[in-house]
Each structure stands twice: as structure tokens, then as C-alpha cells.
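# Tertiary structure, described
These are the residues of each chain, in order.
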Amino acid sequence: MIAANWKMHKGPRRTRDFLGAFEPPDGVEVVIAPSFVSLRAAVESGRRIYSQNVHWENEGAFTGEVSVAMLQEIGVAGSIVGHSERRQYFGETDETTAKRAEAALAAGLGVIACVGETERERDAAETESVLRRQVGALPRDERLVIAYEPVWAIGTGKTATPELAQEAHTLIKSLLDVPVIYGGSVKPENAVELLAQPDIDGALVGGASLDPESFTAICRAGIPS
Ligand code: PEP
């Protein structure tokens, strides 16, 4: 799976422009996660579209949130949950991440649940305990996909070495036997080496997914050889 997280970029017009020009290769599962307002435009493309978040209740007094049923009504196929930017800036916790994942999975949506240590945690040799805690909070569901995204590598241009990422993925898979994709400054230049690691099952791509050419190149790197 190669997934694009567009974060707070691209309204409906730019979303249509991108998807009109985007021709991913066959043989790789491509997911695009635009902002909420661009979901409908993205769904029109016929591609597999995920939201960047989802609430666990069906409806109610939850200002600013969107439910599973609302996403399904417009043809959204899944959702990212627990992204580190949600954890860092919007108070998302292991508990709320798990509730979001459970509700989405129960209704048949795909879920990419994000985990990963901060730079301080890595420096303090806490990576393993952080990953054990974050993964341990997630629902035991074989349809879940986990994104290992070391926080210090997101949007910073610093990428985990393939060996370091492989080590974290092996640990995560020993805790929960599901596909684990890597995120953190994935670019066309490093994608082949990262995706060649035996326990790296794909990529979650932020910055480099905004341009159709670079995202297509990363998708190509994801084709199993
Ligand atoms: C992300 O936001 O999930 C991400 C990995 O971003 P970037 O590729 O820009 O580091």
C-alpha cells in the first residue's frame, strides 16, 4: 500500500487537477487521503480514498468531527487515525485513536493507524516501550494497517535508515500481525531502499505525495519485484 496524506493541502479544484493527471502503475494499492472538503471530488476519480480522521460516534454534539456513516455515504473507503500531528496539536491519545479505529473497522472502513516515537523518546531509548504502548492500545483486527511514523522524520527531511525502520517494523509485527507501512520523509530517492525491507509493506507519504510525478515515482517503487 502506498498512501498519500495531503494534510491541509489541496481544495476540491486542486484535488481534481491532481487526480486527473495521476496515473499510478498497476500492482500497487494506492490510497489518497485529502482534506474533508476535498473527499467528494477525490471519490469522483474512482480511486481508493481515505479521510484523515473519523469520529467513533454515528452523530451528535461533536463540533468539527465527521462520522463513519457520513464518510461511507459519499464513498470514502477508509480513514487514517492517530496521526502524530493529531496527537501533537489536537490532543489525540492512544485511547481516542483506538476508539476511532474500532468504529471505522466495525463499519467496514479500512484503517491506517499511525504510531511512532518522538526524537526525545528515541534519544531516551524509549522507542520500544512507546511502540509497545501505542500498538497495544489498538484493536486486534487483521484488517488494520499500521503506519510506523517516527515523529522526528515527519516533514523534516530526516528519514529513518532502512535498517532502523525495518527494526521498528519487526517489533510492531511481533505485537500485531498486520501490514506495517513506513512514513517519514519518503521521497522517490529513498523509496526503493525502504520498500525493499522485508517488513516494510508500503509507505505513508506526506510532502512528496502532493506532486503527481513524485508520488507516481514512489508508487512505482512499491511494485514488488
Ligand atoms: C505524514 O504526514 O504522514 C508524513 C509521513 O509526512 P512527510 O512524508 O512529509 O514526512
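Just so it is clear, the model here is predicted, and its values are computed rather than measured.

### Some points on the site of the ligand
For the ligand, the set of nearby residues contains 14 residues, the closest of which are Lys7, Glu149, Gly155, Ser185 and Gly206. Lys7 places a side-chain nitrogen or oxygen 2.7 Å from an oxygen atom of the ligand. For the ligand, whose unbound accessible area comes to 290 Å², protein coverage reaches 96%. Its residues assigned to classes, the shell around the ligand comprises 4 nonpolar, 8 polar and 2 charged.

### Overview of the packing of helix H9 (residues 188-195) against helix H10 (residues 212-221)
In the contact formed by H9 and H10, the axes pass within 9 Å of each other and the chain directions differ by 15°. It follows from the interaxial angle that H9 and H10 lie roughly parallel. For the element pair H9 and H10, the recorded crossing hand is right-handed. Contacts from Pro188, Ala191, Val192 and Leu195 in H9 reach Ser214, Ala217, Ile218 and Ala221 in H10.

### Remarks on helix H1 (residues 12-21)
All of the buried residues along H1 are Thr15, Phe18 and Leu19. Projected onto a plane normal to the axis of H1, the buried residues spread over an arc of 90° and lie on a single side. Exposed residues lying more than 90 degrees from the buried face of H1 are Arg13, Arg14 and Gly20. Contacts made by the buried residues of H1 are with strand S2 (30-33), helix H2 (39-43) and H10.

### Brief notes about the packing of aromatic side chains
Across all of its chains, the model carries 5 aromatic pairs by this definition. Taking the centre distance of 6.4 Å and the plane angle of 85° together, the rings of Tyr89 and Phe90 count as edge-to-face. In this pair, the class of Tyr89 matches that of Phe90, namely exposed. Pairwise contacts between aromatic rings join Trp6, Phe18, Phe22 and Phe215 into one cluster. Positioned above the aromatic ring of Trp6 is the side chain of Lys10, whose terminal nitrogen or guanidinium carbon lies 5.3 Å from the ring centre.

Cut-offs applied
- Residues numbered from 1 in each chain as written.
- Predicted model: local features only at pLDDT ≥ 70, side-chain atom pairs only at ≥ 80, totals over all residues.
- Heavy atoms only, no water.
- Near = heavy atom within 4 Å.
- Polar contact = N/O pair within 3.5 Å; in protein donor to acceptor, adjacent residues only side chain to side chain.
- Areas by Shrake-Rupley, 256 points an atom, 1.4 Å probe, with all protein chains shown as cover.
- Nonpolar A, V, L, I, M, F, W, Y, C, P; charged D, E, K, R; others polar.
- Axes fitted to C-alpha atoms, helices over the stretch in contact; angles between N-to-C directions.
- Helix = DSSP H or I, 4+ residues; strand = E, 2+ residues; numbered from the N terminus.
- Parallel < 35°, antiparallel > 145°, perpendicular 65-115°, else oblique.
- Left-handed = near helix turned anticlockwise from the far one by under 90°.
- Contact = heavy atoms within 4.5 Å.
- Buried < 20%, exposed > 50% of the residue type's maximum accessible area, 1.4 Å probe, protein only.
- Arc of directions from axis to C-beta.
- Phe/Tyr/Trp six-rings, centres within 6.5 Å; stacked < 30°, edge-to-face > 60°.
- Lys NZ or Arg CZ within 6 Å of the ring centre and 35° of its normal.

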